[in-house]
Amino acid sequence: MKIAGNDILIQSLINEGVEYIFGYPGGAALHIYDSIFNQKEMQHILVRHEQGATHAADGYARATGKPGVVLVTSGPGATNAITGIATAFMDSIPMVVISGQVQSHLIGTDAFQETDMIGVSRPIVKHSFTVDKQENIAQIVKEAFHIATSGRQGPVVIDVPKDLTNPDELFDFNYPEKANIRSYNPPVKPENHQVSRAVDAILTAERPVIYAGGGTISSNASCELRELNELLDFPVTNTLMGLGVYPGTGKRFLGMLGMHGTYQANMAMHNADLIIAVGARFDDRITNTPEKFAPKAKVIHFDVDHSSVSKIIEADIAVFGQVKDSLKAINNYLRSRKDEINREKISPWHQQIREWKEKYGLNHELYKNDSDEHPILPQAAVQHIYQESEGKAFVTSDVGQHQMFAAQYYHFDEPRKWINSGGLGTMGFGLPSAMGVKLAYPEEEVICITGEGSIQMCIQELSTCSQYKLPIKIFNINNLALGMVKQWQDMNYDGRHSSISYEDSLPDFVGLAESYGHVGIKITKNSELKEGIAKALAIKDKLVFVDIYVDPNEHVYPMLVAPNGSLKDMWLGKGEKT
Amino acid sequence: MIQRKLTLVMENKPGALARVVGLFHQRGYNIDSLHVDPIEDFEPFRFIEDELGIKFQVGEVSRLTIRTTVGDKLMRQILRQINKLIEVIAVSDDESTYLKGVLRNENLL
Ligand SMILES: Cc1ncc(C[n+]2csc(CCOP(=O)(O)OP(=O)(O)O)c2C)c(N)n1
Ligand SMILES: [Mg+2]
């Protein structure tokens, strides 16, 4: 059977098993939209801004592990998608973005709505394709999905000139079974000598720490990581991107590390004699000053990406390959040397960590104080959300203090439940990404913990939630300001609060939510907090926007001392340093 | 810091060269000189064909030579970043080569 380019494109997506495509139409994409109209296998979700489409696809991908798919038109449609593509790129999230382009013969003429999407997106994609002829569409889609989902995952752009989706020109359609890209070969299995060297180091360590990041989640290696820990009983810390890969309530969990990591996690890293980095990339929010990072530690680095290893911190032992395969190999080899595992040897280390935790660990019981004499603490709000949702929800977040409080006080026992923009730190990510998660898991609780600054960056998506009936629960940690910026101004600029407040011009969020057909709840007092949150979660069929007024003067601690600090240099409270 | 030479064999596709040049700019490396030609004489590259089990056709692949002045650690990082570009089949500096993603400890190009 012969079909047209637009149908080849859509049939190819269906062949890839795509359930949802997030997008927004426009001239250059109209033939493609006509194909979408004529099929039933895949649902198109019409967002209100292309940034929303990319974040929604991204949230879907993070929660499911499957690639998110986006369709936008040329020019402004394509450029509006850029922030979301960059967000996915920084966190290595698999995504395929299809952008319409002006007709082939107009390319380069500054035609209406022409933007060089391949050029604009080049530094923030894993790869990109320009469709050159209809006969190649199926192969390009196959390769795009293969590249997006293999090796170190990431977003791939396919730019499609409008004439190549013309419904009047027909071609043979056979969807290829395999993508054969002769120049591309992501590493899979680790080499034996790397594995045995890693195990030698593991068996002699006295102060080891497992430091696991987002790569462990992308590689679906949570089970293998937990197995490793059962064998070794080592302390585990997770990056912001790795939360949930080891249980947040697990016995050996140190909490998150880095900029706003726990005291015990940062101290353990600083004093370790062995750091086992698993799918983590020693980002500057983790290392603080690289020259002062973990001075006594040997580093084993597991990663699928050669360029991540020894980029910032020199690895003593590198294990290249899919983290899942590498951990499996380590676990097997460790089992064969089981009698060499000496748990006694690390018990003083566990004792030391317990002492650190008791001394300056986070207080997880702030929620118990419900007196109205003081304003609501944002930490307590998150703790209540954690309690009332029984720690089982998917939680998306935005960027700022609320995000750090969510990471510190909501304990994730499973991977893929904590959905946040770690690498790019994109305000506006929370609501649209929650839409993607909710579409993927309609029966699960999906919560967005946001701030009154961030939520306004993609607030238009409240309309999308109403159209597709997505009963997300939004908790707006409202401190009347760009809190994280304000905290930096307090700490580094003598409290000169330049351009961080809009107190008198905030919308009435309850009324705003209601105007879209949602439910709004406002909470201003501690005594209303538990009940208000429970009430919101009890409403199953509607989106609920809970506007929680919190103490506008709260800071996030611990916080690494910078510049020139090490991981042991932390602010522990206002004016209080280690 | 000394000047070093990088040699690449890559697919001759539209936009491929821009990815290499863009990568240098994006990561803050400097290009001292750059030379690119489609490969016409495949004799020196037969080992790549054998390795990949393919035969190159005329006009399909290009050879790039880039000179850049950097230290050792950065050189390794550049090599690894270039290796990640999907259209790069092989890249080498004086000491090592990535051939289809796999590292060899010699300059094969
Ligand atoms: C798109 C974007 N612009 C600017 C920033 C810089 N930034 C980081 S946190 C923050 C404040 C966020 O305010 P809010 O959402 O209210 O969160 P809060 O810190 O108050 O909890 C800003 C402006 C950013 N991360 N993303
Ligand atoms: Mg705020």
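Fair warning: this is a prediction, and the values are worked out from it, not measured in the lab.

Asks: What am I meant to see in the overall build of chain A here?
Replies: Within chain A, the secondary structure is distributed over 21 helices and 23 strands. In terms of C-alpha radius of gyration, chain A reaches 24 Å, essentially the compact-globule figure of 25 Å for 578 residues. Its C-alpha atoms give chain A principal-axis dimensions of roughly 75 × 60 × 40 Å. Taken over 578 residues, chain A has a buried fraction of 62%. Considering only contacts in chain A between residues 6 or more positions apart, those separated by 24 or more positions represent 75%. For chain A, the computed accessible surface area is about 22100 Å², with 48% contributed by carbon and sulfur atoms.

Asks: Could you clarify how one ought to interpret the sheet that holds strand 18 (residues 473-478) of chain A in this entry?
Replies: Across a sheet, strands are paired by hydrogen bonds formed along the backbone, either parallel or antiparallel in direction. Residue and element names in this part refer to chain A. Spatially, 6 strands are ordered 16-15-17-18-20-19 in an open sheet, and the strand pairing comes out parallel. Across the chains shown, the open sheet's two edge strands, defined by having one partner strand only, are strand 16 (418-419) and strand 19 (519-523). In this structure, strand 17 (residues 446-451) lies alongside strand 18, joined through 5 bridges in parallel fashion. Its bridge partner lying in strand 18, Ile 449 is registered against Phe 475. Running over the sheet, helix 21 (residues 526-538) touches strand 17, strand 18, strand 19 and strand 20 (544-549) and is turned about 170 degrees from strand 19.

Asks: Please clarify how the site of ligand 1 should be interpreted in this entry.
Replies: All names here are of chain A. With respect to spatial proximity, 18 residues lie near ligand 1, and among them Gln 401, Gly 425, Ser 454, Asn 479 and Gly 483 are the closest. A distance of 2.8 Å separates an oxygen atom of ligand 1 from a polar atom in the backbone of Gln 401. Here Gly 483 contributes a backbone N or O atom positioned 2.7 Å from an oxygen atom of ligand 1. Protein coverage of the free-state accessible area of ligand 1, which is 580 Å², stands at 77%. If you list the elements that add at least two residues to the shell around ligand 1, you get helix 16 (401-409) and helix 19 (483-492). Element by element, the count of residues in the shell around ligand 1 is highest for helix 19, at 3 residues. In the shell around ligand 1, the residues fall into 8 nonpolar, 9 polar and 1 charged.

Asks: Which parts of the structure should I look at to understand the nonpolar core?
Replies: Within soluble globular proteins, side chains that are nonpolar generally end up buried alongside one another. Residues and elements named next belong to chain A. One finds Ile 300, Leu 334 and Ile 548 to be the most contacted residues of the largest nonpolar core, which totals 68 residues. For this core, the leading source of residues is helix 8 (residues 192-204), giving 6 residues. Excluding residues that lie within four positions of it along the chain, Leu 334 makes contacts with Val 199, Ile 202, Leu 203, Leu 228, Leu 231, Leu 232 and Ile 341. By size, the runner-up hydrophobic cluster in this structure holds 52 residues, among which are Ala 78, Val 157, Ala 440 and Ile 459.

Here is what the cut-offs are and how they apply
Residues numbered from 1 in each chain as written. Chains lettered and ligands numbered in written order. Predicted model: local features only at pLDDT ≥ 70, side-chain atom pairs only at ≥ 80, totals over all residues. Heavy atoms only, no water. Helix = DSSP H or I, 4+ residues; strand = E, 2+ residues; numbered from the N terminus. Rg over C-alpha atoms; globule rule 2.2 N^0.38 Å. Buried < 20%, exposed > 50% of the residue type's maximum accessible area, 1.4 Å probe, protein only. Contact = heavy atoms within 4.5 Å. Areas by Shrake-Rupley, 256 points an atom, 1.4 Å probe, with all protein chains shown as cover. Pairing = 2+ DSSP bridges. Axes fitted to C-alpha atoms, helices over the stretch in contact; angles between N-to-C directions. Near = heavy atom within 4 Å. Polar contact = N/O pair within 3.5 Å; in protein donor to acceptor, adjacent residues only side chain to side chain. Nonpolar A, V, L, I, M, F, W, Y, C, P; charged D, E, K, R; others polar. Core = buried A, V, L, I, M, F, W, Y, C linked by side-chain atoms within 4.5 Å.

No statement about biological role is implied by the geometric values presented.
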